[in-house]
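Tertiary structure, described
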Amino acid sequence: MQFRDLHRQYEAMKAEMDEAMLNVVASGAYIMGPQVDELEQQLADYVGAKHCISCANGTDALRLALMALGLGSGDAVFVPDFTFFATAEAVASLGIRPVFVDVDSDTYNMDVTDLDRKWQQTCAAGHAPAAVIAVDLFGRPADYDRLADFCNKKRVPLIEDGAQGFGGSIGGRRACSFGHIGTTSFFPAKPLGCYGDGGALFTDDDYIADMLRSLRVHGKGRDKYDNVRLGLNSRLDTLQAAVLQVKLRHFDSELQAVNRVAAKYNQLLQGKVQLPKIPDGVVSSWAQYTIQVEKRDEMQARLKAAGIPSMVYYPRTMSRQTAFSHLGQHPCPVADALSHTVLSLPMHPYMTDEEIEFVASSIC
Ligand SMILES: *Cc1c(COP(=O)(O)O)cnc(C)c1O
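Worth saying up front: this structure is predicted, and the values here are computed from it rather than measured.

We now examine the sheet that holds strand 6 (residues 169-170). With respect to topology, three strands assemble into an open sheet ordered 7-6-10, the strand pairing being antiparallel. The open sheet is flanked by strand 7 (173-174) and strand 10 (282-283), the only strands paired with a single partner. Inspection of the sheet shows strand 6 paired to strand 10 by two bridges, in the antiparallel sense. Within the sheet, the bridge partner assigned to Ile 170 lies in strand 10 and is Val 282.

Next comes the structure, spelled out in C-alpha cells:
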C-alpha cells in the first residue's frame, strides 16, 4: 500500500498527461511558455483571486510574499509552532524574526488567543510585529474569521500558507484567497501536485501582483536585463504548468474522492482514536488524514508489520528545532503535545474501500 499513490493517479490520466507533456517538449518553450499564463488564469479563477503568480516552489512563494511586502531585518512575523519547517524558514532566511504561536489541539491551526499573547510579548521585547502567516495544516483552512479580524485591528498583513490547503474552503470561499497574499506548493504529494517542484501566490492587490512578477525574475523592470531590485530566480517550468493543467481538470473529482475516504475512515475509527475535526461549512483538501493516539510508536509498528505506511507530521515543533535554538523562544504546550501523539494515515483519491477497511482494522 502507498501512503499517497501518485502512480494510480498517473494511470487514471495517462493519455492526457503524456500528450500535454510531449507538446511542451516539442514546442521548445520550456521557460514561461503559454501554458504558464493559461494555468495562472485558471488557478486565479479556481481560487477566486484577482491575480495568480506562479513560482518555483512553496518555500519561494512564502519568501516572495514577504519580499513583496517589503519585510526584512528588524521585523517580526508570527508563524504557527506546528507546521512544516519551510513556513518559519522562509521568514528567518530573509533576516526576519519568526515568533512561534501555539495551535489549537482540534484544528491543528494557529490559536488566535495565543497569537494575541505572543504579540504583546513581542512588543514588550522591543520587536516590531509586521505580519502573520497562518497555515492550513493537513488541508483544513485556518480560523480566518478571527485571524483577519485580528490582523485588521493590528493593521498588519495576513499571509495564508496554503501549501497543504489548496482546494479547501470555508462557506464556499476557497483556500489561498483568505489572506492579503495566499501561497501554495505543487510539490508532488500536496493536494494539487506537479511532477517536480512548483508553487504559486494569489492576491487581489495589483501593486503586490506587479511586485511579485518582478521579484520572481531577478527583480526585473521593463525586461530581464533591466533590474530594479533584488529578486529570485523562481519561475514555474512550462512542463510543470502543463502537468498542472491536466491535474486541475480532475481536481474537483479528486477532492470529492478524498472527502469520501475521510468520511469512511471517520465512520470506521469513530470512538477508537481521536479523529480530525472538520465543522459544517468547512471543506478540507485532506493533504493528510491525521489522528491522535497515546501509544503512537506501538501503533506505527503494528501498521508497518501489516504493510501499511504511516507518517508523523511533525515530530518536532519549530521552537524545538536546532536551527531556531538561538531565538530562545519557549515551546508551545499544545504543539509540543501534538508532536508526540499525531499520526497520519494513508490518504489519497484513489484509495479503495478495501484498503480503507484494512487500515482501520489494523488500527483497532
Ligand atoms: C510543503 C510546504 C511548504 C513548502 O513547499 P515546497 O514546495 O516544498 O517548497 C510550505 N509550507 C507548508 C505548510 C508545507 O506543507
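With that settled, consider the domain arrangement of the chain. One can read the domain layout of the chain as domain 1 (6-246) and domain 2 (252-361). Contacts between the two partners involve 41 residues from domain 1 and, on the opposite side, 40 residues from domain 2. Of the roughly 3200 Å² buried where domain 1 meets domain 2, counting both sides, 58% is carbon and sulfur surface. Between Glu 355 and Arg 8 there is a salt bridge; the shortest N-O distance is 2.7 Å. Where domain 1 meets domain 2, there are 26 residue pairs in polar contact (both at pLDDT 80 or more). Elements represented by at least two residues in the side of domain 1 that touches domain 2 include exactly helix 1 (6-12), helix 5 (85-92), strand 3 (97-101) and strand 6. The dominant element in the side of domain 1 that touches domain 2, judged by the number of residues it contributes, is strand 3, at five residues. Here the residues of the side of domain 1 that touches domain 2 are counted per class, giving 21 nonpolar, ten polar and ten charged.

Another point: helix 4 (residues 58-68). Of all eleven residues in helix 4, ten are buried; the element is thus mostly enclosed. Taken together, the buried positions of helix 4 are occupied by Gly 58, Asp 60, Ala 61, Leu 62, Arg 63, Leu 64, Ala 65, Leu 66, Met 67 and Ala 68. Looking one or two residues beyond helix 4, the residue adopting positive phi is Gly 70, at roughly 75 degrees.

Right, let's get into the packing of aromatic side chains. Enumeration over the complete set of coordinates arrives at 19 aromatic pairs. Ring centres 6.4 Å apart and planes at 75 degrees place the aromatic pair Tyr 10 and Tyr 195 in the edge-to-face group. Separated by 185 residues along the polypeptide, Tyr 10 in helix 1 and Tyr 195 in the loop between strand 8 (181-185) and strand 9 (199-203) bring together distant segments of the chain. Measuring from ring centre to ring centre gives 4.7 Å for Tyr 144 and Phe 178, while their planes differ by 5 degrees; the resulting arrangement is stacked. In this pair, Tyr 144 sits in helix 7 (residues 144-154) while Phe 178 sits in the loop between strand 7 and strand 8, placing the two residues 34 residues apart along the sequence. Comparing Tyr 144 with Phe 178 shows no difference in burial state: the two are buried.

Moving on, we get to the side chain of Ser 185. With respect to the element layout, Ser 185 can be found in strand 8. A polar atom in the side chain of Ser 185 sits 3.1 Å from the backbone nitrogen of Phe 187. Those residues in contact with Ser 185 that sit more than four places away from it in its chain are Gly 58, Ala 163, Lys 190, Leu 192, Gly 198 and Gly 199.

This part takes up the packing of helix 2 (residues 14-27) against helix 9 (residues 238-269). Packing of helix 2 against helix 9 brings their axes to within 9 Å, and their N-to-C directions diverge by 155 degrees. The pairing of helix 2 with helix 9 is recorded here as roughly antiparallel in orientation. Helix-helix and strand crossings are classified by hand; for helix 2 and helix 9 the assignment is right-handed. Here helix 2 contributes Glu 16, Met 17, Ala 20, Met 21, Val 24 and Val 25 to the contact with helix 9, which in turn contributes Thr 238, Leu 239, Ala 242, Val 243, Val 246, Lys 247, Arg 249 and His 250. Partitioned by chemical class, the residues of the contact of helix 2 with helix 9 number nine nonpolar, two polar and three charged.

Reading the values: rules and limits
- Residues numbered from 1 in each chain as written.
- Predicted model: local features only at pLDDT ≥ 70, side-chain atom pairs only at ≥ 80, totals over all residues.
- Heavy atoms only, no water.
- Pairing = 2+ DSSP bridges.
- Helix = DSSP H or I, 4+ residues; strand = E, 2+ residues; numbered from the N terminus.
- Domains from an automatic or database assignment.
- Contact = heavy atoms within 4.5 Å.
- Buried area = accessible area lost by both parts, 1.4 Å probe.
- Salt bridge = Lys/Arg side-chain N within 4 Å of Asp/Glu carboxyl O.
- Polar contact = N/O pair within 3.5 Å; in protein donor to acceptor, adjacent residues only side chain to side chain.
- Nonpolar A, V, L, I, M, F, W, Y, C, P; charged D, E, K, R; others polar.
- Buried < 20%, exposed > 50% of the residue type's maximum accessible area, 1.4 Å probe, protein only.
- Phe/Tyr/Trp six-rings, centres within 6.5 Å; stacked < 30°, edge-to-face > 60°.
- Axes fitted to C-alpha atoms, helices over the stretch in contact; angles between N-to-C directions.
- Parallel < 35°, antiparallel > 145°, perpendicular 65-115°, else oblique.
- Left-handed = near helix turned anticlockwise from the far one by under 90°.

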